Amino acid sequence: MENTTAKQLLTGGYCNSLDQYSRFVTREVKIGDVPMGGNNPIRIQSMTTTDTMDTIGTVEQTIRMVESGCEYVRITAPSMKEAENLAQIKKELRYRGYNVPLVADIHFTPNAAESAARIVEKVRINPGNYADKKRFENIDYTTDAYNAELSRIYKKFAPLVKICKEYGTAMRIGTNHGSLSDRIMSQYGDTPRGMVESAMEFIRICEDLNYYNLVISMKASNTQVMVQAYRLLVETMVKEGMNYPLHLGVTEAGDGEDGRIKSAVGIGTLLEDGLGDTIRVSLTEDPEFEAPVAKALADRYSQRNQHTSSAENFKLKDLPYSPYAYSRRNTHAVQHVGGHFHPVVMLDVSGENLKDPFFLKEAGYSYQAMLDKYNMADQACDLVYLGDELPSFTFPGNLAQIYNYNTWNKLKDKQNCFPLFTLDEYLENSIHDSLLNLVSVNAADFDLSKLTTLDETAVIILESSATDHMTVQRLFFTSLLNAGLTFPVIIKRSYPALDADTLQLYAATDLGALFTDGFGDGVWLNAGDDISLSLINSTSFGILQATRTRISKTEYISCPSCGRTLFDLQETTQQIRSRTDHLKGIKIGIMGCIVNGPGEMADADYGYVGTGPGKITLYRGKEVVKKNVDSANALDDLIGLIREDGNWIETREIH
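The structure presented is a predicted model; accordingly, all values stated were derived computationally and were not measured. (Residues numbered from 1 in each chain as written. Predicted model: local features only at pLDDT ≥ 70, side-chain atom pairs only at ≥ 80, totals over all residues. Heavy atoms only, no water.)

### Describing the overall build of the chain
Summing up its helical and strand segments, the chain has 18 helices and 23 strands in all. Considering only contacts within the chain whose residues lie at least 6 apart along the sequence, 67% involve residues at least 24 apart. (Helix = DSSP H or I, 4+ residues; strand = E, 2+ residues; numbered from the N terminus. Contact = heavy atoms within 4.5 Å.)

Here you go:
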């Protein structure tokens, strides 16, 4: 393996190692009887969706959450009455024999936080709105005005810190991408760096007051922003001699398959970096369904070989790319792969019934026998691998067929058919396709000097036989960057023994981590015989959608619901989805209350936000368009707004 020089460069400023799994060791924080950080396992948590004033309902939901795997339970406390009722909830839980640490979720009400801190084991505050109520005013702050604001925050925040110290209460400083203060926005904008500085203002106050029982989070609905913010946070903390535990989560991930894939992309990327001490997967579903997903992500790393080091051993090294800002690796285009083309999806159909064109519906191509033609869906794959198998029907004209080299070489009609070589096969044979040649390379064992001999028609199929597949594949990309090689690369991963749910989580982690860093020009997923072709196809497209590298459908930025929610979020999300899921590329935010409204919709094109019982406010981006619309009419008005902007298309039937 001739890439040791590249390997030696692989240490960034945000994790211990980029060429082997190494968990970043953080300060241990006491949260009731369940400590976090240090050498403790990655903790699992979720948040109740009941009304906090409904003591029994909240207790019973908390018990269901604990039994599903939650080690901490967060409960909203939007005002003093809810904060005070946490005492009754805690009392009833303890009476029933449940000692799970409780976390009070606070946004705009410092007095509620101070009350809750005397009751529960941990409080969560959002630095963007704990002491700031203004929004989107874009005020320019002078240095004196900025410092005056910091002084004001200090005075407002210090009482909570002192109470937490007195009562032994932990605190999470939880920054949200969409709720940064005007002060931060004026200096840093709506950026990952702004998220980090928003938290650091409050962390520095805590340290000035000798309070260190802190957990930090950097949540966003955009997985690229979320990953970049956590990495910048760690780099910043290390520079200032800090190593606080990290709470990982993708805000408003949505529901179903989309929510799970999006969560795994963001959370899994950071877990691969060795970051993260607790996980909350935010799904628009009942909270007891969140913990098993989070646990499946965390359990994967309990089996990894630990190469631990501490913040004191942290070293900065140069990388040939930035892990703090997305930039797709520069490649030359080979046909429709690489260059400016979006990443492609490749599927293995060699095991399908190649006498029946109807199976291609699972790959996005619906065959119409009467007309002898195909209709193409938005999530139609780009290449299919047939190995040594020959079909008895004609494939769609825009669907490239890939055969093993020896089989391809014997084809009489090679129209839209291309070969797959091993690297040695490619170098040993002079017969190549004039347009596109796929060359399989093992990231765990490759010869860089051989890669330099490939011509401009080569596309690499990157496989891995290592234990830590993602890290060796990332190392391969770094080697290409260092060598100045611009071949497109399709990332191949095989999961022969996983069930469907685990496959989606693992694939979203492994491939998402690479695409988030700008690596990869295509996806090729393989799975066991019991996994359907349609699920492999939708998972592949879902990963590209979640990493924002290929948008193939409507994206819903949907909050997971909590005690603040003003309507049935799951039902409403499904209603909106049923009428808008054909709007490819549109992002719609569906928020249960004003706390997660204009803030967490920062990345959405349109917003649907509960602002009172039966009342909805509609947004265009961050702009309020219609206030207090009756919920019965709100969806029609949302569609009207989309039409008004020229973004509506009529639904079309896919045959």
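Next comes the rest of the description.
### Topic: the environment of leucine 583
Relative to the helices and strands, leucine 583 is located in the loop between helix 17 (569–580) and strand 20 (587–591). Leucine 583 sits in the buried class, given a relative accessible area of 2%. Discounting chain neighbours no more than four positions away, the residues touching leucine 583 are Lys553, Thr554, Ile642, Asn647, Trp648 and Ile649. (Buried < 20%, exposed > 50% of the residue type's maximum accessible area, 1.4 Å probe, protein only.)

### Notes on the sheet that holds strand 16 (residues 458–463)
Read around the closed barrel, 8 strands run 9-12-13-14-15-16-17-18, paired in parallel fashion. Taking each pair of neighbouring strands and ignoring which way they run, the sheet shows an average axis angle of 25°. The pairing of strand 12 (residues 383–387) with strand 13 (residues 400–404) spans 4 bridges and is parallel. Within the sheet, the bridge partner assigned to tyrosine 385 lies in strand 13 and is isoleucine 402. In the packing of helix 14 (residues 469–483) onto the sheet, the strands contacted are strand 15 (437–442), strand 16 and strand 17 (489–495), and the crossing angle to strand 17 comes to about 170°. Running over the sheet, helix 15 (residues 500–516) touches strand 17 and strand 18 (522–527) and is turned about 155° from strand 17. (Pairing = 2+ DSSP bridges. Axes fitted to C-alpha atoms, helices over the stretch in contact; angles between N-to-C directions.)

### Thoughts on helix 10 (residues 290–302)
For helix 10, built from 13 residues, the straight-helix expectation of 18 Å at 1.5 Å per residue is met to within 8% by its first-to-last C-alpha distance of 19 Å. Those residues of helix 10 that fall on the buried side of the exposure criterion are Glu290, Ala291, Val293, Ala294, Leu297, Ala298, Arg300 and Tyr301. Close packing links the buried residues of helix 10 with strand 1 (43–47), helix 9 (256–272), strand 8 (278–279) and helix 15. (Expected span 1.5 Å × (residues − 1).)

### Focus on the packing of aromatic side chains
To describe a pair of aromatic rings, one takes the distance between the centres and the angle between the planes. For the coordinates displayed, the defined rule picks out 17 aromatic pairs. Relative to tyrosine 301, the ring of tyrosine 21 has its centre 5.5 Å away and its plane inclined at 40°; by these criteria the two rings are tilted. Of this pair, tyrosine 21 sits in the loop between helix 1 (4–8) and strand 1 while tyrosine 301 is found in helix 10, placing the two residues 280 residues apart along the sequence. We note that tyrosine 21, like tyrosine 301, is buried. Taking the centre distance of 5.8 Å and the plane angle of 80° together, the rings of tyrosine 130 and phenylalanine 157 count as edge-to-face. (Phe/Tyr/Trp six-rings, centres within 6.5 Å; stacked < 30°, edge-to-face > 60°.)

### Examining the sheet that holds strand 8
Taken in spatial order, the 8 strands line up as 6-5-4-3-2-1-8-7 in an open sheet, and their pairing is parallel. A strand with exactly one partner marks an edge of an open sheet, and here the two such strands are strand 6 (214–219) and strand 7 (247–248). One ladder, built from 6 bridges, connects strand 5 (residues 170–176) with strand 6; its direction is parallel. Among the inter-strand pairings, arginine 172 is bridged to a residue of strand 6, identified as valine 215. Taken strand by strand, helix 3 (residues 80–95) contacts strand 2 (72–76) and strand 3 (102–106), and its axis lies near 165° from that of strand 3.

### Some remarks on the confidence of the model for the chain
Low-pLDDT portions of the prediction should not be read for the details of their coordinates. Averaged over the chain, the pLDDT score is 88; the fraction of residues at 70 or greater is 89%. Segment residues 1–12: pLDDT under 50, and 36 contacts once partners within four positions in sequence are set aside and those in other chains are kept. (pLDDT = per-residue confidence, 0-100.)

### Some words on the pattern of salt bridges
Overall, the coordinates contain 35 salt bridges when judged by the stated rule. Note that arginine 193 is salt-bridged to glutamate 235, the shortest N-O span being 3.9 Å. On the criterion of sequence distance, the pair formed by arginine 193 in helix 7 (residues 192–208) and glutamate 235 in helix 8 (residues 223–239) is long-range, its members being 42 residues apart. Owing to a relative accessible area of 11%, glutamate 235 belongs among the buried residues under this scheme. (Salt bridge = Lys/Arg side-chain N within 4 Å of Asp/Glu carboxyl O.)

### Quick word on the pairing of strand 21 (residues 606–612)
A large share of strand 21 lies buried, amounting to 6 of its 7 residues. As judged from the 4 bridges shared by strand 20 and strand 21, these two strands associate in the parallel manner. Looking at strand 21, one finds that methionine 591 is bridged to valine 609. Relative to strand 22 (residues 615–620), strand 21 runs antiparallel, the two sharing 6 bridges. Note on strand 22: the bridge partner recorded for glycine 612 is lysine 615.

### A short note on the nonpolar core
Met171 and Leu451 are the most contacted members of the largest nonpolar core, which totals 160 residues. When residues in this core are grouped by element, the largest group, 10 residues, is from helix 8. With residues near it in sequence (within four places) discarded, methionine 171 still touches Lys122, Val123, Ile125, Phe157, Leu160, Val161, Cys164, Cys206, Tyr211, Asn213, Leu214 and Val215. Counting residues in each nonpolar core, the second largest holds 17 residues, with Tyr608, Ile616, Ala634 and Leu635 among its members. (Core = buried A, V, L, I, M, F, W, Y, C linked by side-chain atoms within 4.5 Å.)

### Details of the side chain of threonine 549
Within the element layout of this structure, threonine 549 appears in the loop between helix 16 (533–546) and strand 19 (555–558). A distance of 2.9 Å separates the side chain of threonine 549 from the side chain of threonine 547, its partner in a polar contact. Those residues in contact with threonine 549, other than ones at most four positions away along the chain, are Tyr326, His342, Pro343, Phe515 and Leu544. (Polar contact = N/O pair within 3.5 Å; in protein donor to acceptor, adjacent residues only side chain to side chain.)

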